[in-house]
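Each chain is listed here by its residues.
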Amino acid sequence: MISITAATLFTPLVRIEQPLLLVEDGVIVDVTSRTHREAPAASRAVDFPDGILAPGFIDIHIHGGAGHDVMEGGSNALPAVEELLARHGVTGYFPTTVTAPLDSTLSALARLAEAIETAENHATKGKSAARTGGSSGLRARPLGIHLEGPFISHVRRGVHPSEDLLLPTAAAFDRFWQAARGRIRVMTIAPELPGAIEVIAEAAKRGVCVSLGHSDADLDTARAGVAAGARHATHTFNAMRPLGHRNPGILGEVLTDARLSADIIADGIHLDPAIVELVLNAKGPDTAVLITDATSATGMPDGRYRLGSLDVEVRDGRCTNGGNLAGSVLTMDLAVRNAMKFAHWDLQQALRLATLNPARVARLEGAGELKAGNPADLLVLSAKGEVRNTIVRGAGI
Ligand SMILES: [Zn+2]
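Presented here is an overview of the structure given in this document. Residue indices begin from 1 for each chain and proceed along its sequence in written order. Totals for whole chains, interfaces and linings use every residue, but because this is a predicted model, local features are given only for residues with pLDDT of at least 70 and side-chain atom pairs only at 80 or more, for both listing and counting. Excluding hydrogens and water, the side-chain figures rest on all heavy atoms present in the structure.

## A word on the pattern of salt bridges
Let me state the cut-off plainly: Any Lys or Arg side-chain nitrogen located within 4 Å of an Asp or Glu carboxyl oxygen qualifies as a salt bridge. Think of it in three bands: with a 1.4 Å probe and only protein chains considered, a residue is buried below 20% of the maximum accessible area for its type, exposed above 50%, and partly exposed in between. Going along the chain from the N terminus, every DSSP run of H or I of four or more residues is numbered as a helix, and every run of E of two or more is numbered as a strand.
Counted by the stated rule, this structure contains 21 salt bridges. Salt-bridge contacts for Asp311 lead to Arg306; the nearest nitrogen and oxygen are separated by 2.9 Å. The partly exposed category is assigned to Arg306, whose relative accessible area is 39%. With its nearest N and O atoms 3.7 Å apart, the salt bridge here joins Asp377 to Arg393. Here Asp377 is found in the loop between α10 (356-361) and β21 (378-381), whereas its partner Arg393 is found in the segment after β22 (387-391), with 16 residues between them in sequence.

Shown next as structure tokens:
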């Protein structure tokens, strides 16, 4: 058993001073305070005297990093992405597809499903459940797939290639579902497309978090999407019909319906800091979510990289294709610090946006929260939200 002590712990719902966190076989056994319980004599003690313990981050929208895209083949891609994620505090993630030729998408979904199953099998076997990369660090775990295209609007497609967009049909959705062996946990869809309402209902029935996005929907159509089962919104404001005060469109629904959670890319480029504050205050600490939308260029120097089947160029933190923003080079630890800075939220509030809230969006039982019985996926942070240590399934300390 490992007993971890620090200055403060955020579960994140509860703040505990002088915390004591016990881990055995990669699972949290107890989360308490040293004023209530002493570390068991037989345990290995690890102390972070001025550290803050928090759950590991969960990113539900990420395309790649460290020079690799999650849709590319080859055995190097995911381990490289996962090591980069872990260095930035992400312990669980949802590899996200971009619109691509149908065959590429189907084969990417099959590969991602296999990676998820391999990670799961690894967790159920043996004592040390954490996987490490070839040479150095720990790796974040793939938890499910986010299907971002192809059921999106031509008008709001961003850089998703128009020739590969598809109209939603139950049959097309089922093809993706079968290829992914049921591992699609999040799906972005434009509710105004013909057939979208039926596909939203079917996906919701299968437990997918249906997320409204890449959409030119008006207010009524967005509401119809929610009535059919949509529960989330993808990179709010980006690739959406703009908000108008007499014609609010989809954003009128996203910002006001408490049943909808909503995510944002808080890199200071995709949204003005004032809009980050607006969205976080509109959705509040229960339903706002941070994503990175990170591309393969994340963690790399300026240059040319891939996003799915697209070429993207990165200069000064902007990732573009033909002059349009094409994903980000944001990391989740920076997103959390930006949420604190832009919206004037404290660390405990900002942490929820990257831990418990995304876990709830993806309906992950036992994730995003430090409590007994959950996997020991946690972070040691500074008071400013800098990642000092990442612990995946009890490994890393
Ligand atoms: Zn994306």
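## Points about the pairing of strand β12 (residues 184-189)
Just so we agree on the cut-off: When DSSP finds two or more bridges between two strands, those strands count as paired. When the strands point away from the viewer and the connection leading from the first strand across the helix to the second strand turns clockwise, the crossover is called right-handed.
Counted residue by residue, β12 has five buried out of six residues, so it is predominantly covered. In this structure, strand β11 (residues 145-147) lies alongside β12, joined through three bridges in parallel fashion. Within β12, the residue paired with Ile145 across the bridge is Ile184. A crossover connection joins β11 to the parallel β12 through helix α3 (residues 170-179); in handedness this β-α-β unit is right-handed. Bridge analysis of β12 against strand β13 (residues 209-212) gives four bridges, and the strand direction is parallel. By the bridge assignment, Ile189 is partnered in β13 with Leu212. Chirality of the crossover, the property in question, places the unit of β12, helix α4 (residues 196-205) and β13 among those that are right-handed.

## Structural notes on the nonpolar core
What counts, and what does not: Here, the term nonpolar core denotes a set of buried Ala, Val, Leu, Ile, Met, Phe, Trp, Tyr and Cys residues that are joined through side-chain atoms within 4.5 Å.
Ranked by size, the top nonpolar core spans 101 residues in total, and within it Phe57, Met187, Leu280 and Leu290 carry the most contacts. Take this core: its biggest share by element is seven residues, from helix α8 (residues 332-343). Listed in part, the 17 residues of the second largest apolar core include Ile4, Phe48, Leu370 and Leu378.

## Considering α8
Cut-off, in case you're wondering: Each helix should span, by expectation, one fewer than its residue count multiplied by 1.5 Å. Contacts: residue pairs with any heavy atoms within 4.5 Å of one another.
The end-to-end C-alpha separation of α8 is 16 Å, in line with the 16 Å expected for 12 residues at 1.5 Å each. Counting buried residues along α8, nine of its 12 residues qualify, which places the element largely inside the surrounding structure. Among all positions of α8, only Met332, Asp333, Ala335, Val336, Asn338, Ala339, Met340, Phe342 and Ala343 are buried. Each element contacted by the buried residues of α8 is listed here: β6 (57-62), β9 (90-97), α7 (273-287), β16 (288-291), α9 (347-352) and β22. Residue His344 follows α8 closely and has a positive phi angle near 60°.

## As for the coordination of the zinc ion
Rules: Donor atoms (N, O, S) are those found within 2.8 Å of the metal centre, with the cutoff raised to 3.2 Å for Na, K and Ca; water is not part of the atom list, so apparent gaps in a site can occur. Under this scheme a four-donor centre is tetrahedral when all angles range from 85 to 135 degrees, a four-donor centre is square planar and a six-donor centre octahedral when opposite donors are above 155 degrees with the rest from 65 to 115, and any other centre is irregular.
Within the protein, His61 (NE2), His63 (NE2), Glu148 (OE) and Asp293 (OD) serve as the donor atoms for the zinc ion, at 2.0 to 2.4 Å. Note that the zinc ion binds four donor atoms; their angles at the metal cover 82 to 169°, and the shape is irregular. For the zinc ion, the donor residues sit on a single chain with the sequence spacing H-x1-H-x84-E-x144-D. Here the residue His63 occupies a position in the loop between β6 and β7 (64-65), and Asp293 occupies one in the loop between β16 and β17 (303-307), the gap between them amounting to 230 residues. Of the two residues, His63 and Asp293, neither departs from the other in class, the shared state being buried.

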